[in-house]
Amino acid sequence: MLRQQTSATWIMEGDIHGFFDHIAFSWIEEHIPMNKRILAKWLRCGFVDQGALYPTTAGVPQGGIISPVISNLVLDGLEAIVQGSSWQRSVHNIHYVRWADDFLVTATARQVLAETVLPRLHTFLAERGVQLSTEKTVITPLAQGFDFLGQTVRKPERPNGKPAKLQITPRKASFQALKDKVRTLCKQARGTTPEQLIETLNPLLRGWANYHRYVICGETFAKLDNFIWQRVYRWAKRRHSDKTGRGIADRYFPHRKGEPWRFTDPTTGRQLLRVREAVKPQRHLKIKGAANPFDPAWEAYFQHRDRELALRASSPFRATILRQQHGLCPGCRQVMQVEEEVELHHRDGHHQHNHLGNLVLLHPNCHRQDHYAPEQTPASSRPSRGVRILPITTWPFYSKLILQTGA
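Below or above, wherever it landed, is the structure these notes cover. (Residues numbered from 1 in each chain as written. Predicted model: local features only at pLDDT ≥ 70, side-chain atom pairs only at ≥ 80, totals over all residues. Heavy atoms only, no water.)

Some remarks on the overall build of the protein
Here comes step 1: Of regular secondary structure, the protein possesses 16 helices and eleven strands.
Here comes step 2: Its C-alpha atoms give the protein a radius of gyration of 27 Å, clearly above 22 Å, the size a compact globule of 407 residues would have.
Here comes step 3: Among the 407 residues that make up the protein, the fraction classed as buried is 36%.
Here comes step 4: Taking all contacts inside the protein whose residues are at least 6 apart in sequence as the whole, residues at least 24 apart take part in 57%.
Here comes step 5: Roughly 25,200 Å² of accessible area belongs to the protein as shown, and the carbon and sulfur atoms make up 53% of that amount.
Here comes step 6: The positive charge centre, built from 56 side chains, and the negative charge centre, built from 36, are 5 Å apart in the protein. (Helix = DSSP H or I, 4+ residues; strand = E, 2+ residues; numbered from the N terminus. Rg over C-alpha atoms; globule rule 2.2 N^0.38 Å. Buried < 20%, exposed > 50% of the residue type's maximum accessible area, 1.4 Å probe, protein only. Contact = heavy atoms within 4.5 Å. Areas by Shrake-Rupley, 256 points an atom, 1.4 Å probe, with all protein chains shown as cover. Lys, Arg positive; Asp, Glu negative; His and termini not counted. Charge placed at Lys NZ, Arg CZ, Asp CG, Glu CD.)

As structure tokens, this is what we get:
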């Protein structure tokens, strides 16, 4: 909604002051559609922290399993109030985006946000016992940029009258927080093995990179790789203070000429993640709002979506092989998910014959079955979307029930 040339140019960043702590119990009990007796007991049951019981007289404990649902129900209807009539929405480009209690409102003019949208927000929130934070609720031009959910969104003006382009990059504060965490983990791992250090850092790096892979992240990923290299080299130098730089490089960074240096465990051969190589920047594939993974009518849509995600996350060589097998594993005939491990299989068994017609990607289990039981067709190792596998302990019960009822 912000990348078009005719998009809104002003943003209001909304933040509700102490949202989870100040939601009015009276409004929740009156408007939330559920058993009132159970709801009242749940709201006033309190919470336990370090063995001490704390009562709750207002709001909901943040972090509980029900608080996100309650917060969404409390703020339900805010979008219609903010946008107003369809005429106002189209003329002023009013759009509304919310994540938990943080939200954005866009418009073509500052006056629309300050004089029209803001009073509506105050009225809507006052009925629910909460109010906007005056310090964090600000109105800024899109050309100046704003931070939202760990990312910076800007649409700076370009010279020579060229149309402005939307730029979304990882937030500097988020990147600095990641570096501080990596620095702390490396210091805490002084007495551990290289494998333990790699097991600690890899999930952290992969998770942060996967979150930011849909925005302009190439330069940030390069800086992150350089920072990680410096930290693990210092860790290795502190571990072997009597060794030279060449000795440390030969032990922990084995590589061939022309290959990048990778921090490697000498015992197991496990390597530290290089973000630029492991996580590729890609376009976000938006999901349809009405799609339901448990509805058989949407099964074809989700299979097509899974194929597209796998193709986007693959290298050009792997994507070519996936296209020629239509994104399916030839063994189990299941869609190959983007997060699944796959293995390259040579049809004729000759590993030097790398012609595309001789190559196929298989699930690890299907690959093993193809080698050790080639005459048998591998069965599907996982269910389709929406299919629930019953525990083994329930099978006798249902078998007996079927025999009795004849179903």
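Regarding the sheet that holds strand S8 (residues 151-154)
Strands in a sheet are paired, the pairing made by backbone hydrogen bonds, and the direction either parallel or antiparallel.
Here comes step 1: What the three strands build is an open sheet, ordered S7-S8-S9; its pairing is antiparallel. The sheet is open, and its two borders are formed by strand S7 (146-148) and strand S9 (167-170), each paired with just one other strand. Recorded for the sheet is a direction-independent mean angle of 30° between the axes of neighbouring strands.
Here comes step 2: Pairing analysis gives four bridges linking S8 to S9, with the strands arranged antiparallel. Residue pairing across strands places Thr 152 opposite Thr 169, the latter belonging to S9. (Pairing = 2+ DSSP bridges. Axes fitted to C-alpha atoms, helices over the stretch in contact; angles between N-to-C directions.)

Looking at the packing of aromatic side chains
Here comes step 1: Taken as a whole, this structure holds 15 aromatic pairs when the rule is applied.
Here comes step 2: Here Phe 175 and Trp 208 contribute two aromatic rings whose centre-to-centre distance is 5.9 Å and whose plane-to-plane angle is 40°, an arrangement assigned as tilted. With Phe 175 in helix H8 (residues 172-188) and Trp 208 in helix H9 (residues 194-212), this pair connects stretches of sequence that are 33 residues apart. An identical accessibility class is assigned to Phe 175 and Trp 208; each is buried.
Here comes step 3: Between the aromatic rings of Trp 235 and Tyr 252, the centroid separation amounts to 6.2 Å while the plane-to-plane angle is 75°, which identifies the pairing as edge-to-face. (Phe/Tyr/Trp six-rings, centres within 6.5 Å; stacked < 30°, edge-to-face > 60°.)

Section: helix H14 (residues 316-324)
Here comes step 1: When we look at burial in H14, the residues that qualify are Ala 319, Ile 321 and Leu 322. Down the axis of H14, the buried side of the element spans an arc of 160°, and every buried residue falls inside it. Residues of H14 that are exposed and point more than 90 degrees away from the buried face comprise Pro 316 and Arg 323.
Here comes step 2: Positive phi shows up at His 326, right after H14, with a value of about 55°. (Arc of directions from axis to C-beta.)

Considerations on the nonpolar core
Here comes step 1: Formed by 32 residues in total, the largest nonpolar core has its most connected members in Ile 16, Phe 19, Ile 28, Val 82, Val 105 and Leu 121.
Here comes step 2: Residue assignment for this core shows that the elements contributing at least two residues are helix H1 (19-22), helix H2 (25-31), helix H3 (36-43), helix H4 (67-74), helix H5 (78-83), strand S5 (102-107) and helix H7 (110-126).
Here comes step 3: In terms of residue count, H7 provides more of this core than any other element does, six residues in total.
Here comes step 4: Apart from residues no more than four positions distant in its own chain, Phe 19 is found in contact with Ser 71, Val 74, Leu 75, Asp 101 and Val 130.
Here comes step 5: Residues Phe 227, Trp 235, Leu 273 and Val 279 belong to the second largest nonpolar core, which totals 29 residues. (Core = buried A, V, L, I, M, F, W, Y, C linked by side-chain atoms within 4.5 Å.)

Considerations on a nonpolar patch on the surface
Here comes step 1: On the surface, Ile 65, Ile 66, Val 69 and Leu 73 cluster together into a nonpolar patch covering about 370 Å² of accessible area.
Here comes step 2: In this structure, Ile 65 sits in the loop between strand S3 (52-54) and H4.
Here comes step 3: You can call Ile 65 exposed: its relative accessible area is 78%. (Patch = residues over 30% accessible without salt bridge, like charges linked within 9 Å, V, L, I, M, F, W, Y side chains within 5 Å. Salt bridge = Lys/Arg side-chain N within 4 Å of Asp/Glu carboxyl O.)

Details of the packing of helix H10 (residues 218-239) against helix H11 (residues 245-252)
Here comes step 1: Closest axis-to-axis distance for the H10/H11 pair is 10 Å, and the angle between their directions is 110°. As far as their axial angle goes, H11 and H10 are roughly perpendicular. The two elements H10 and H11 meet at a crossing, and its hand is right-handed. Across from Tyr 233, Trp 235, Ala 236, Lys 237 and Arg 239 in H10, the residues of H11 making contact are Gly 245, Ile 248 and Tyr 252. (Parallel < 35°, antiparallel > 145°, perpendicular 65-115°, else oblique. Left-handed = near helix turned anticlockwise from the far one by under 90°.)

Some details on the pattern of salt bridges
Side-chain pairs of opposite charge can arise whenever the charged atoms involved come near each other.
Here comes step 1: Tallying each qualifying case throughout the model produces ten salt bridges.
Here comes step 2: The closest approach of N and O atoms between Arg 183 and Asp 180, which form a salt bridge, is 2.9 Å. Within this pair, Arg 183 and its partner Asp 180 are both found in helix H8, separated by three residues, close to a single helical turn.
Here comes step 3: The salt bridge involving Arg 262 is made with Glu 277; its shortest N-O contact spans 2.1 Å. Placement of the pair is Arg 262 in the loop between H11 and helix H12 (275-278) and Glu 277 in helix H12, with a sequence separation of 15 residues.
Here comes step 4: Arg 262 gets classed as partly exposed once you look at its relative accessible area, which sits at 24%.
Here comes step 5: Bridged by salt links that share partners, the residues Arg 262, Arg 274 and Glu 277 form one connected network.

Focus on the pairing of strand S4 (residues 95-99)
Note on strand geometry: in a regular strand, side chains alternate between the two faces of the sheet.
Here comes step 1: As judged from the five bridges shared by S4 and S5, these two strands associate in the antiparallel manner. By the bridge assignment, Tyr 96 is partnered in S5 with Val 105.
Here comes step 2: Between S4 and S5, which pair antiparallel in sequence order, lie two residues; one of them, Ala 100, sits at a positive phi of approximately 60°.

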